[in-house]
Amino acid sequence: MPAVRSRAGGPAAAGTSRRVASGARAGARTRGAGAGRAAGRGRTARGGLAWYLIGGVAVSAVFVLPLGWEVIRSFQPESAIGVPLSGKSLRHLTIANYHSLLAGQDNIARNVINSLIVAVLAALVTALVATLAGYGFAQFRFRGSPVAFGLVLLAFMVPFQAVLTPLFVEMHFLRLLNSLIGLALFYTAFNLPFGVYVMRNSFLQVPRELVDAAKVDGASVMGTLTSVLRPLIVPGIATTALYAFLFSWTEFLAALIFMTNDSLFTLPVALINVEAGNYGAINYGLLLAGAVIAMIPCVVVYVALQRFYVRGLVSGALKG
Amino acid sequence: VAGTEVAGGTRPRERARTGRARRAGPPGAQARQDARTGLALVTPALLFVSIFTLFPLGFSVYMSLTNWPLVGSYRFIGLSNYQSLAHNTLFVESIVFTLKYTAIVTLPILAVGYGLALLVRSNRPGSTLFRTLVFLPFIVGLVTESYMAVVELQPSSGTVNFVLARFGIVKDTTAWLVHTGLAVTAICVLVVWFASGLTMMLLMAGMQAIPGELYESARVDGASWWSAERSITLPLLRRSIALSLIISVVGSFLAFNQFYIMTQGGPGTSTTSVVMAIVNTGFTQFNVGLASAMSVVLVIVVGLITFAQFHFLQRDGD
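Residues numbered from 1 in each chain as written. Chains lettered and ligands numbered in written order. Predicted model: local features only at pLDDT ≥ 70, side-chain atom pairs only at ≥ 80, totals over all residues. Heavy atoms only, no water.

**Student:** Which residues make up the overall build of chain A, and what values do they have?
**Tutor:** The helix and strand inventory of chain A stands at 15 helices and zero strands. Residues classed as buried in chain A amount to 53% of the 320 residues present. The contacts in chain A between residues at least 6 apart in sequence include a share of 72% that link residues at least 24 apart. As presented, chain A carries roughly 13,600 Å² of accessible surface, and 68% of it is formed by carbon and sulfur atoms. (Helix = DSSP H or I, 4+ residues; strand = E, 2+ residues; numbered from the N terminus. Buried < 20%, exposed > 50% of the residue type's maximum accessible area, 1.4 Å probe, protein only. Contact = heavy atoms within 4.5 Å. Areas by Shrake-Rupley, 256 points an atom, 1.4 Å probe, with all protein chains shown as cover.)

**Student:** Explain the overall build of chain B residue by residue, including any values.
**Tutor:** For chain B, the helix and strand inventory stands at 14 helices and zero strands. Reading the secondary structure of chain B in the N-to-C direction produces α-α-α-α-α-α-α-α-α-α-α-α-α-α. Looking at chain B residue by residue over its 318 residues, the buried ones come to 52%. Surface summary for chain B: the accessible area is close to 14,100 Å², and the carbon and sulfur share equals 66%.

**Student:** I'd like to hear about the confidence of the model for chain B, residue by residue, with values.
**Tutor:** Residue and element names in this part refer to chain B. Summary statistics for chain B give a mean pLDDT of 86 and a share of 89% for residues scoring 70 or more. Across chain B, the element-wise mean pLDDT spans from 41 in helix 1 (residues 2-22) up to 96 in helix 12 (residues 257-262). Note that residues 1-24 has pLDDT below 50 and, in this model, 33 contacts with residues that lie over four places away or in other chains. Across the predicted assembly, pTM comes out at 0.85 and ipTM at 0.86. (pLDDT = per-residue confidence, 0-100.)

**Student:** Tell me about the packing of helix 6 (residues 142-152) of chain B against helix 8 (residues 180-208) of chain B, residues and numbers included.
**Tutor:** Residues and elements named next belong to chain B. Two elements in contact, helix 6 and helix 8, have axes separated by 11 Å at closest approach and are oriented at 145°. Crossing of helix 6 against helix 8: the hand is right-handed. Facing Leu 142, Glu 145, Ser 146 and Ala 149 of helix 6, the residues of helix 8 in contact are Leu 190, Val 191, Trp 193 and Phe 194. Residues of the contact of helix 6 with helix 8, tallied by class, amount to six nonpolar, one polar and one charged. (Axes fitted to C-alpha atoms, helices over the stretch in contact; angles between N-to-C directions. Left-handed = near helix turned anticlockwise from the far one by under 90°. Nonpolar A, V, L, I, M, F, W, Y, C, P; charged D, E, K, R; others polar.)

**Student:** Run through the side chain of A:Ser74, naming residues and quoting values.
**Tutor:** Residue and element names in this part refer to chain A. Secondary-structure assignment places Ser 74 in helix 3 (residues 37-74). Here the side chain of Ser 74 touches Val 71 through a polar contact of 2.6 Å, landing on its backbone oxygen. Within the local environment of Ser 74, its side chain forms a polar contact with the side chain of Tyr 98, the two groups lying 2.6 Å apart. (Polar contact = N/O pair within 3.5 Å; in protein donor to acceptor, adjacent residues only side chain to side chain.)

**Student:** Residues and numbers for the confidence of the model for chain A, please.
**Tutor:** Residue-level pLDDT values for chain A average 82, and 83% of them are 70 or greater. Of the regions scoring below 50 in pLDDT, residues 1-41 of chain A engages in 39 contacts with residues more than four places distant in sequence or in other chains.

**Student:** How would you explain the pattern of salt bridges if you had to name every residue and give the values?
**Tutor:** Counted by the stated rule, this structure contains four salt bridges over all chains. The salt bridge partner of A:Arg208 is A:Asp212, with a shortest N-O separation of 3.3 Å. Taken as a pair, A:Arg208 and A:Asp212 lie in helix 10 (residues 208-216) at a separation of four residues, close to a single helical turn. A:Asp212 matches A:Arg208 in its accessibility class, with the two residues each being buried. In this structure, B:Glu216 and B:Arg219 form a salt bridge, with 3.1 Å as the shortest nitrogen-oxygen distance. Taken together, the residues B:Glu216 and B:Arg219, both in helix 9 (residues 212-220) and three residues apart, mark about one turn of the helix. Residue class for B:Glu216 comes out partly exposed when judged on its relative accessible area of 45%. (Salt bridge = Lys/Arg side-chain N within 4 Å of Asp/Glu carboxyl O.)

**Student:** Could you give an account of the interface of chain A and chain B, with specific residues and numbers?
**Tutor:** In many analyses, interface size is given as the accessible surface area lost on bringing the parts together. Facing the 113 residues of chain A at the interface are 104 residues of chain B. Taking both partners together, chain A and chain B bury about 9,600 Å²; carbon and sulfur atoms supply 74% of that area. Linking chain A with chain B are one salt bridge, by the criterion used here. Where A:Arg73 meets B:Glu152, a salt bridge forms, and the shortest distance between an N and an O atom there is 2.9 Å. In terms of residue count, the dominant contributor to the side of chain A that touches chain B is helix 3 of chain A (16 residues). For the side of chain A that touches chain B, the class distribution of residues is 82 nonpolar, 16 polar and 15 charged. (Buried area = accessible area lost by both parts, 1.4 Å probe.)

**Student:** Requested: an account of the packing of helix 5 (residues 96-103) of chain A against helix 14 (residues 284-304) of chain A, with residues and values cited.
**Tutor:** All names here are of chain A. Running from N to C, helix 5 and helix 14 point in directions that differ by 80°, and their axes come no closer than 8 Å. Judged by the angle between their axes, helix 5 and helix 14 are roughly perpendicular. Where helix 5 abuts helix 14, its residues Asn 97, Tyr 98, Ser 100, Leu 101 and Leu 102 lie against Gly 285, Leu 286, Ala 289, Gly 290, Val 292 and Ile 293. Considered class by class, the residues forming the contact of helix 5 with helix 14 number seven nonpolar, four polar and no charged. (Parallel < 35°, antiparallel > 145°, perpendicular 65-115°, else oblique.)

**Student:** I'd like a rundown of helix 8 of chain B, residues and numbers included.
**Tutor:** A rise of 1.5 Å per residue sets the reference length of helix 8 of chain B, with its 29 residues, at 42 Å; its end C-alpha atoms lie 41 Å apart and thus fit the reference within 8%. Counting buried residues along helix 8 of chain B, 23 of its 29 residues qualify, which places the element largely inside the surrounding structure. (Expected span 1.5 Å × (residues − 1).)

**Student:** Quick rundown of the environment of A:Val234? Include the residues and the values.
**Tutor:** Structurally, the position occupied by A:Val234 is in helix 11 (residues 221-250). Classification of A:Val234 by relative accessible area gives partly exposed; the value is 42%.

**Student:** Which residues make up the environment of A:Phe203, and what values do they have?
**Tutor:** Tracing the backbone through its elements, the reader meets A:Phe203 in helix 9 (residues 180-204). Measuring from C-alpha to C-alpha, the distance between A:Phe203 and A:Gly134 comes to 6.6 Å, with 69 residues separating the pair along the chain.

**Student:** Just give me the short version of the packing of aromatic side chains, but keep the residues and values in it.
**Tutor:** Residues and elements named next belong to chain A. Throughout the structure, instances matching the rule amount to 37 aromatic pairs over all chains. Here the aromatic rings of Phe 75 and Tyr 98 are separated by 5.0 Å at their centres, their planes lie at 35°, and the arrangement is tilted. Linking Phe 75 in the loop between helix 3 and helix 4 (78-81) with Tyr 98 in helix 5, this pair joins segments that are 23 residues apart in sequence. Tyr 98 sits in the buried class, given a relative accessible area of 12%. (Phe/Tyr/Trp six-rings, centres within 6.5 Å; stacked < 30°, edge-to-face > 60°.)

**Student:** An account of a nonpolar patch on the surface is requested, with residue identities and associated values reported.
**Tutor:** Together, A:Phe173, A:Leu174, B:Leu47 and B:Ile51 give the surface a local cluster of nonpolar side chains, amounting to about 390 Å² of exposed area. Mapped onto the elements, B:Ile51 comes out in helix 2 (residues 27-64). The class of B:Ile51 is partly exposed, set by a relative accessible area of 33%. (Patch = residues over 30% accessible without salt bridge, like charges linked within 9 Å, V, L, I, M, F, W, Y side chains within 5 Å.)

**Student:** Describe in detail unusual backbone geometry, supporting the description with residues and values.
**Tutor:** Where the residue is not glycine, phi is negative for most of them; where a peptide bond is considered, it is trans in most cases. Residues and elements named next belong to chain B. In this structure, the amide linkage connecting Gly 266 to the following residue, Pro 267, adopts the cis form with an omega of 0°. Here Pro 267 shows up in the loop between helix 12 and helix 13 (274-283). The residue Phe 286 is not glycine, and still its phi comes out positive at about 55°. Structurally, the position occupied by Phe 286 is in the loop between helix 13 and helix 14 (288-316). According to the relative accessible area criterion, Phe 286 is partly exposed, its value standing at 46%.

The following block contains the structure:
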């Protein structure tokens, strides 16, 4: 056991535990010849699992502990964040940073609400429009359908960072600058190609007999969608909405360019003002509290809807 | 290119379906009705994509041929924006910097992501939890983490110096974000930590798609773990590796947030990425025409990378 602990002390490379495990397995095979195969195998399987868990915990810690540490730090008073760390300073934790961030003069609460409005709106509109388009592409034949789908995939490959200047001019013309709805519409457009792709795949997996039966029963196109098909496409809708929400909640560059009015900033952009000390002296306590608030919805939504997120990644990854 | 191919691939199946459906009603009318409905259903999505992505794409080419100011009148100046790009130090240096940055982070992200994928691909207890935890930095996003890093990289008070000074690696007073080399080092470590979870997920999906029987028979043949990885996993994972490489290379090429938040492109303009150069030219110097020319170059470069990717995938695929 002491050997195990010393191993786990370092951030074990992910491959190590696996290699150790197979090494142990090889050892077991030779040992098993003398001492009874089954017993030997059981013992090493347990040993391999222990190694695996220790390695996994160590690796996970590298990725999670920094985030957890920032959560703790955000509860330190500002006076303790700007001076050298000490064990003593960790004994005084307070919600002062959150209080002054949300209720103070800079009124970041408004920016949090802006972010929520934009992200929820973008998620809903993306899910709705992508569902309709996925239905259309998968279940109906019309002239130009391949071309239209090709255009959507072309948009998939255009990085919005590279078309910011024309977008700015265009959104100015459409009166969509300095507008939360305008920002949400832009986020919707950016998330649609992936959403349409996911929803089209969802509808392609629907058994044709279901749609035909609904048609025979006299169900309308929309009636078929909302009654017969709904349960089958809910996972796809969840995937689409989840991606759009997470993207919109964390997006920074477009929000920075399209919003010039402080009161309309989303949370990530508003934190630039905190970082730059626009509200007086630079206050790292405020900055950390704001960052933790920005982090919470991501973690909650992802942990709750994880299987939908992974589903989207896998469908994208395996089908190119 | 890939788009039409994907759509074309499904056509025979759809044709068979509509053939069956058509028998229900009068032949032509039903098909016409279907066509109208289908078009109506996809129109909103097409409008969104056209207005916010495809039109700006074409519009940026048009703007790049003008001396467009942010507001006010403009005139055509031909290709002179493109000619001046070669002498634009901000742009040229930002390209060099972005290339260097991409070169530094790409392999570590792939290597760490690959190692992580080996850890989480198995069905052992805990693997799902490890996967979730390792992926969290990617979910939380680089913007939030850049703000956190700014606080923790401060001399004397930041946690990074506190920890590293204990090991004698740096002095407690190291000011990470005001020296180019240190700032780039810190940002690269942050980005590898942030992005390797995504590579892990993509490679894990690829690994899990490899039939287990291949490993079974390799084991029966007495192959070691290492040789099974080399002769089974690596070759069959080429598509996934290419995909994750392209996502990370394109992402590095479009980097903006971490530099804007952590160094503001400085000291001087030494950590100014291409997107940052475009933003500065267009929205600080109000030279939108020139910024559009830069954008067109960036779109072409990113397009070439993506095209190379699809070329690679198609040659190896299926």
